Amino acid sequence: MPTMRVLHLSDLHYGAGDDEAIERGAPVLVDRFDPELVIASGDLSHRGRQDQLARASAFLRGLGPPVLAIPGNHDIPYTFPARFTRAFREFERQWETTEPTFSSPTLHVIGLNSVRPWRHQSGGIRGAQLARAQERLRAAREGAFRVAVLHHHLISAPWRSRKKPVARRNHVLVELVHAGADLILAGHIHQAAVSERREFEISTGGERGVVVSIAAGLGQPRPKRHGEARGVHVYEIDDACLRVHTFAWHRTDWGLTAERRFPRGREPLFSEPA
Ligand SMILES: [Fe+2]
Ligand SMILES: [Fe+2]
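Cut-offs applied
- Residues numbered from 1 in each chain as written.
- Chains lettered and ligands numbered in written order.
- Predicted model: local features only at pLDDT ≥ 70, side-chain atom pairs only at ≥ 80, totals over all residues.
- Heavy atoms only, no water.
- Salt bridge = Lys/Arg side-chain N within 4 Å of Asp/Glu carboxyl O.
- Buried < 20%, exposed > 50% of the residue type's maximum accessible area, 1.4 Å probe, protein only.
- Helix = DSSP H or I, 4+ residues; strand = E, 2+ residues; numbered from the N terminus.
- Expected span 1.5 Å × (residues − 1).
- Arc of directions from axis to C-beta.
- 1 Å grid on protein atoms, 1.4 Å probe; cavity = no way out; pocket = protein on both sides within 12 Å on 5 of 7 lines; lining within 4 Å.
- Points joined across faces, edges and corners; volume = space filled by probe spheres on them.
- Nonpolar A, V, L, I, M, F, W, Y, C, P; charged D, E, K, R; others polar.
- Donors = N, O, S within 2.8 Å, 3.2 Å for Na, K, Ca; no water.
- Tetrahedral: all angles 85-135°; square planar, octahedral: opposite > 155°, others 65-115°.

Enquirer: Describe the pattern of salt bridges, with residues and values.
Expert: Enumeration according to the criterion identifies 11 salt bridges in this entry. Notably, a salt bridge pairs Asp 238 with Arg 243, separated by 3.8 Å at the nearest N-O pair. Judged by its relative accessible area of 31%, Arg 243 falls in the partly exposed class. Overlapping salt bridges, with partners in common, bring together Glu 99, Arg 132 and Arg 136 in one network.

Enquirer: An account of helix α5 (residues 127–138) is needed here, citing residue identities and associated values.
Expert: Over its 12 residues, α5 extends 17 Å from the first C-alpha to the last, a length consistent with the 16 Å expected when each residue adds 1.5 Å. Listing the buried residues of α5 in full gives Gln 129, Leu 130, Ala 133, Gln 134, Arg 136 and Leu 137. Considered in projection along α5, the buried side chains sweep an arc of 165° and stay on one side of the axis. Opposite the buried face of α5, by more than 90 degrees, sit the exposed residues Ala 128, Glu 135 and Arg 138.

Enquirer: Which residues make up the layout of surface pockets, and what values go with them?
Expert: Rolled over the atoms, a probe with the dimensions of a water molecule shows which regions are left empty. For the largest pocket, the calculated volume is near 350 Å³. Lining of the largest pocket is provided by 15 residues; of these, Ser 161, Arg 162, Lys 163, Arg 225 and Glu 228 occupy positions nearest its centre. Class assignment of the residues belonging to the lining of the largest pocket gives a composition of 2 nonpolar, 6 polar and 7 charged.

Enquirer: Any details on the coordination of the iron ion (ligand 2)? Residues and values, ideally.
Expert: For the iron ion (ligand 2), the full set of protein donor atoms is Asp 43 (OD), Asn 73 (OD1), His 151 (NE2) and His 188 (ND1), at a range of 2.2 to 2.3 Å. If you look at the iron ion (ligand 2), its 4 donor atoms make angles of 88 to 160° with each other, and the shape they trace is irregular. As a motif over one chain, the donors of the iron ion (ligand 2) read D-x29-N-x77-H-x36-H. For the pair the iron ion (ligand 2) and the iron ion (ligand 1), the metal-to-metal distance amounts to 3.4 Å, and Asp 43 bridges them.

In short, the description is geometric, and any link to function would need to be established separately.
As structure tokens, this is what we get:
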């Protein structure tokens with residue numbers, strides 16, 4: 001299969017006063033990598049306001065490639081009672097659904113809505129939702145690379161953070177892996193973190209490689225807060241491996257900060273001394 005590319009943006013926080021840097025930053029990477037799909041893993045807006053979500057959505061659609069977007073905890077109304085009575089109305093107005101699917105012969109992506117309106121920060125996936133997610137993943141075409149996306153993180157932040165991972169995260173992770181996910185994406189912590197399951201699970205041999213990846217925020221609503229970088233991920237997928245490129249924003253341009261390569265399938269990467 002020819003190399004396929006996906007651009008992963010997260011936490012744009014449109015309306016937090018930083019939109020110009022976002023609008024300058026993202027198109028550069030689309031031009032450079034020509035991704036098959038752009039994934040936006042939540043917190044598109046800063047306060048869930050209609051105008052903020054509309055501008056963020058128009059910007060994402062204007063990038064060119066198809067876009068798969070899911071809501072984050074900032075994409076629902078900030079005020080009561082709207083927070084409960086019409087939590088996802090504006091998001092659905094823009095994107096029709098909070099749990100979209102993108103499916104092509106080479107790539108199958110499912111979005112999960114992990115936002116719980118009655119809890120501002122922490123997220124969760126209900127049992128029925130997870131069961132449906134498994135069915136949705138299994139509907140992938142033979143040989144397609146399978147991706148699950150949610151807003152709340154499944155692995156911890158590298159820098160200190162008070163934000164908790166998605167509720168029952170071990171269970172959520174295991175179920176997504178069982179259903180065939182090759183890559184599981186999130187945002188929310190505004191820090192990049194990438195890990196392959198065999199880096200944290202005890203291997204009993206023959207496991208399929210699964211990478212969990214969190215993109216830093218594209219927006220930077222709290223620029224003075226340590227441990228909240230501005231960055232994006234680009235994934236390059238071919239038959240043998242998955243490459244994760246981590247870009248961080250340095251004042252006026254992107255800097256390539258890390259390139260990680262993970263094996264696809266059950267065998268470790270082939271390596272030989274330089
Ligand atoms: Fe965020
Ligand atoms: Fe968030």
